[in-house]
Amino acid sequence: MDLRCAGMLCVLCLVLTVRAFTQEGFKEVVLKQLGLSEVPKLHKRDLVDLVIPEHVKSKYMSMLKRQRVKRRALPSLAGILRGIPGHTGEVLYSDTTTRQKLMFDMEGRIPKNSEVTMAELKLFKKPVDRANLPAKQPHRTVSNARVSVYWVQQQHDGTNRTSLIDSRLVPIRESGWKSFDVTQAVHYWLRNKRREPMFLEVWIEGERVGSYAAEMAKAVRFASQDPKDKALGKPELVLYTLNLDDYGSPGDCGEEAVTGKSTCCRQKHYISFRELSWAQHWILEPAGFQAYRCSGSCLQPPRALRRPGSGQRSCAVAGSSALPIIYLVRRGNRTEIEAAEFPNMVVERCSCVTDG
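Keep in mind it's a predicted model, so treat the numbers as computed, not measured.

Engineer: Mind showing me how you'd approach the nonpolar core here?
Structural biologist: Here is a general trend for soluble globular proteins: nonpolar side chains tend to be buried in one another's company. Formed by 43 residues in total, the largest nonpolar core has its most connected members in Phe26, Val30, Trp282 and Phe289. Those elements that place two or more of their residues in this core are helix H2 (23–34), helix H4 (54–67), strand E12 (283–285), strand E15 (313–331) and strand E16 (334–354). Lining this core are residues from two domains, each supplying at least three of them: domain 1 (22–74 + 247–298 + 311–355) and domain 2 (80–243). Among residues more than four places away in sequence, those in contact with Phe289 are Phe26, His269, Tyr270, Ile271, Phe273, Leu323, Met345 and Val346. Core analysis: the second largest hydrophobic core is formed by 39 residues, Met106, Phe180, Tyr212 and Ala287 among them.

Engineer: What is the right way to read the sheet that holds E15 from this model?
Structural biologist: The pairing of strands in a sheet comes from backbone hydrogen bonds and takes either a parallel or an antiparallel form. The antiparallel open sheet is built from three strands, whose spatial order is E12-E15-E16. Across the chains shown, the open sheet's two edge strands, defined by having one partner strand only, are E12 and E16. Taking each pair of neighbouring strands and ignoring which way they run, the sheet shows an average axis angle of 40°. Packed onto the sheet, H2 meets E12, E15 and E16 and runs at close to 120° relative to E16. Packed on one face of the sheet, H4 meets E12, E15 and E16 and runs near 10° to E16.

Engineer: Explain H4 to me, please; I cannot follow it from the model alone.
Structural biologist: Each α-helix turn comprises 3.6 residues. Residues three or four places apart therefore point the same way. Over its 14 residues, H4 extends 20 Å from the first C-alpha to the last, a length consistent with the 20 Å expected when each residue adds 1.5 Å. Of all the residues in H4, the buried ones are Val56, Lys57, Tyr60, Met61, Met63 and Leu64. Along H4, the residues classed as buried sweep out an arc of 165° about the axis, all on the same side. Those residues of H4 that are exposed and aimed more than 90 degrees away from the buried face are His55 and Arg66.

Engineer: Teacher, can you tell me more about unusual backbone geometry here?
Structural biologist: The omega torsion across Glu285 and Pro286 is -5°, close enough to zero to call that bond cis. Looking at the element boundaries, Pro286 is found in the loop between E12 and strand E13 (288–290). In this model, Tyr292 sits at a positive phi of 65°, which is unusual for a non-glycine residue. Among the secondary structure elements, Tyr292 is positioned in the loop between E13 and strand E14 (293–295). Here Asn344, not a glycine, exhibits a phi torsion of approximately 60°, which is positive. Within the secondary structure layout, Asn344 lies in strand E16.

Engineer: Looking at this structure, I do not really get the pairing of strand E5 (residues 144–154). What am I missing?
Structural biologist: On a regular strand, one side chain projects to one face of the sheet and the next to the other, so that they alternate. The buried count for E5 comes to 10 of 11 residues, which makes it a mostly enclosed element. Note that E5 and strand E6 (residues 160–171) share 11 bridges and pair antiparallel. Among the inter-strand pairings, Gln153 is bridged to a residue of E6, identified as Arg161.

Engineer: Please explain the state of the cysteines as it appears in this structure.
Structural biologist: Joining two cysteines, a disulfide is a covalent bond between their sulfur atoms. One pass over the full model with this rule turns up four disulfides. Here Cys298 engages in a disulfide with Cys352; their sulfurs sit 2.1 Å apart. Where Cys298 bonds to Cys352 through sulfur, the torsion about that S-S bond is close to -90°, and the disulfide is left-handed. A residue pair is termed long-range when its members are at least 10 positions apart, and Cys298 in the loop between E14 and E15 and Cys352 in strand E16 qualify at 54 residues. The connectivity of the disulfide-linked cysteines in the chain, indexed sequentially, is 1-3, 2-6, 4-7, 5-8.

Engineer: How do you make sense of the sheet that holds strand E9 (residues 236–243) when you look at a structure like this?
Structural biologist: Taken together, the four strands give an open sheet; going across it, the order is E1-E9-E4-E7, and neighbouring strands pair in antiparallel fashion. Because the sheet does not close on itself, it has two edges, and the strands there are strand E1 (76–81) and strand E7 (176–181). Going across the sheet, the axis of each strand differs from the next one's by a mean of 25°, ignoring polarity. Note that E1 and E9 share five bridges and pair antiparallel. Across the sheet, the residue bridging to Gly79 is Leu239, located in E9. Sitting on the sheet, helix H5 (residues 183–191) is in contact with strand E4 (114–125), E7 and E9, with an inclination near 125° to E4.

The rules behind these values
- Residues numbered from 1 in each chain as written.
- Predicted model: local features only at pLDDT ≥ 70, side-chain atom pairs only at ≥ 80, totals over all residues.
- Heavy atoms only, no water.
- Core = buried A, V, L, I, M, F, W, Y, C linked by side-chain atoms within 4.5 Å.
- Buried < 20%, exposed > 50% of the residue type's maximum accessible area, 1.4 Å probe, protein only.
- Helix = DSSP H or I, 4+ residues; strand = E, 2+ residues; numbered from the N terminus.
- Domains from an automatic or database assignment.
- Contact = heavy atoms within 4.5 Å.
- Pairing = 2+ DSSP bridges.
- Axes fitted to C-alpha atoms, helices over the stretch in contact; angles between N-to-C directions.
- Expected span 1.5 Å × (residues − 1).
- Arc of directions from axis to C-beta.
- Disulfide = S-S within 2.5 Å.

What follows is the structure, given as structure tokens:
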């Protein structure tokens, strides 16, 4: 770890271990990581009809998949959800994008005192009608379409805001089940205090810029939630959970942390970019993240065993991981969308260390 990263980790440790989390402290860390002196000044026109460029989306998903925590062993199948009866699963078409809306009733589906370790969205890709494919163009071979899954957050003012959950290339001419990792969407839904259904959107786009790739992508069709559609293969949401009574994660805080009586452990501490006034408009992805923080007490060695000049043992960050983000930045008169990785933003391990 170089000196700059070590310094940032120290600042972040201070922010995440202080019980009274301050927006200013966290804002300072974020701006320093991006090399910015102040929050970008954006105009309303910068935020209208934003489209994340393909190369930025691919870079973000690549970083996100590298950082995803390995699934803990032995999860149990909590259920397979196939949508809400009567919901049509609306499909919208445009010149460049096909959007399919999905709705799942999550209430009561996740057992108490359990953790969702994995959630998969399974979509059945229908066989391609080759007669409707556009004529081949020399030197412009297109074999795939870009399929992205977004979590849809319904705002209090009636508008919707989306968060990119998973994105990958899907072969146009292949049919069958395609799976997407939507664990993050379920975690977002759990954070939402309003217990409404979980809404997802599936976007189908060309694998690259251009009208030919967009036309080829329109050949990709997934089965819908429409109850009138009697065909097999309706969208499925597969949930896997872990019983925390049997498989509680070592080192994570339990209920005793609430009373302040726990030994050093990692405590959940969620940061929502959507609720931070200075970040909600220019940090596009993710909607928020589980940062965690270190909490609890440490046993103190007898005075005779302490090193001269050393202080008390305290609970501190012993390991951390990066957080990928997509953000807006002003460069002169232009507004650009970029992807970056913040080092040391998610606490992975806590340990007792001696001050000094």
